[in-house]
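Chain residues, written in single-letter form:
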Amino acid sequence: MTPTPLHWKLVVDSHDPHAQAGFWAAALHYTVEDHSPLIGKLLGLGAIPTDLVIEHGDRQAWRDAAAVRHPDEPFDPESGTGLGRRLLFNRVPESEKKTVKNRLHIDLHGPAGERDQEVERLTALGAQVFRHVKEPAGEWTVMTDPEGNEFCVH
C-alpha cells in the first residue's frame, strides 16, 4: 500500500501575519492563500463573528492569520487552503518584540553562483542582512525577515 502524500505547514508566530505572508510569498515565489470564499460562506451562515475578519487588499481575510502555499500544490477551492507545502502566519501578542534566537529557520537555495543577487532581491522585499558566514562546510548569508526572524540564503 502506498502511503498518502504528506502535506505540511510550518506555523510562524507573527505580529502582522498579512505582511509576513506577503513577504514570504514574494521571497519563496509562493501564492498567498485566498480564504475569502470560506470566510464569505461562514459569515453568510452566521457561523463566525465579523470581528474575526478584515479587508486585506481586495478581499476578506482572517484578522489573525494568513498563509502562503507553493503555487504548484493542490488546494481546496472552497476554503482556499493549500493541501501541500504551506507557511501559516498567526498573530500572537508576544511576537511584537522578538528577543531570542529562532529554534527553527528556513534555508533558501537559489541557483548556483547567484546568492548575492538573491540577497539583493530579498533586501528589496524588506529583509535585512544579519551576517555573512564562510567556513569550511560552506558559505551563506544569514538574513532577517521584516519581523526579525532569521533565515539563511545559500
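Below, the structure is looked at part by part. Predicted, not measured: the structure shown is a model, and the values here were computed from it.

### Quick word on the overall build of the chain
The helix and strand inventory of the chain stands at three helices and 10 strands. Along the chain, helices and strands appear, N-terminal first, in the series β-α-β-α-β-β-β-β-β-α-β-β-β. Taken along its principal axes, the extent of the C-alpha atoms in the chain is 60 × 45 × 25 Å. Of all intrachain contacts in the chain linking residues separated by at least 6 positions in sequence, the fraction that spans at least 24 positions is 60%.

### Things to note about the nonpolar core
In terms of nonpolar packing, the biggest core is built from 19 residues, with Trp24, Val68, Phe89, Leu122, Met143, Phe151 and Val153 touching the most fellow members. Top contributing element to this core by residue count: helix H1 (residues 17-28), with five residues. Ignoring anything within four residues of it in the chain, the contact list for Trp24 reads Leu87, Phe89, Ile106, Asp145 and Phe151.

### As for the packing of aromatic side chains
The geometry of an aromatic ring pair is captured by two quantities: the separation of the ring centres and the angle between the planes. For the coordinates displayed, the defined rule picks out three aromatic pairs. Plain terms: the ring middles of Phe23 and Trp24 are 5.1 Å apart, the flat faces sit at 85° to each other, and that makes the pair edge-to-face. The two residues Phe23 and Trp24 agree in class, both being buried.

### Some words on the pairing of strand S9 (residues 138-144)
Within S9, five of the seven residues are buried, which leaves it mostly tucked inside the rest of the structure. Where strand S8 (residues 128-135) meets S9, seven bridges bridge the pair, whose relative direction is antiparallel. Following the sheet pairing, Arg131 is matched in S9 by Val142. Linking two consecutive strands that pair antiparallel, namely S8 and S9, is a turn of two residues.

### Considering the environment of Ser36
Summarising the element assignment, Ser36 is placed in helix H2 (residues 36-45). Take Ser36: its relative accessible area is 17%, and that puts it in the buried class. Linking Ser36 and Glu55, residues 19 residues apart in sequence, is a C-alpha distance of 9.6 Å. Residues within four places of Ser36 in sequence aside, it is in contact with Arg59 and Gln60. In this structure the side chain of Ser36 is engaged in a polar contact, spanning 2.5 Å, whose partner is the side chain of Asp34.

### What to know about H1
For H1, built from 12 residues, the straight-helix expectation of 16 Å at 1.5 Å per residue is met to within 8% by its first-to-last C-alpha distance of 16 Å. When we look at burial in H1, the residues that qualify are Pro17, His18, Gln20, Ala21, Phe23, Trp24, Ala25 and Ala27. The first or second residue beyond H1 is His29, which carries a positive phi of 60°.

### Concerning the pairing of strand S10 (residues 150-153)
The alternating pattern of S10 places Glu150 and Cys152 on one face and Phe151 and Val153 on the opposite face, and all of these are buried. Direction of pairing for strand S7 (residues 106-108) relative to S10: parallel, over a ladder of three bridges. Residue pairing in the sheet places Ile106 in a bridge with Phe151 of S10. Across four bridges, S9 lies against S10 in antiparallel orientation. From the neighbouring strand, Thr144 faces S10, where its bridge partner is Glu150. Taking the residues that link successive antiparallel strands as the turn, the S9-S10 hairpin has five residues, and the phi of Gly148 there is positive, at about 90°.

Cut-offs and rules
Residues numbered from 1 in each chain as written. Predicted model: local features only at pLDDT ≥ 70, side-chain atom pairs only at ≥ 80, totals over all residues. Heavy atoms only, no water. Helix = DSSP H or I, 4+ residues; strand = E, 2+ residues; numbered from the N terminus. Contact = heavy atoms within 4.5 Å. Core = buried A, V, L, I, M, F, W, Y, C linked by side-chain atoms within 4.5 Å. Buried < 20%, exposed > 50% of the residue type's maximum accessible area, 1.4 Å probe, protein only. Phe/Tyr/Trp six-rings, centres within 6.5 Å; stacked < 30°, edge-to-face > 60°. Pairing = 2+ DSSP bridges. Polar contact = N/O pair within 3.5 Å; in protein donor to acceptor, adjacent residues only side chain to side chain. Expected span 1.5 Å × (residues − 1).

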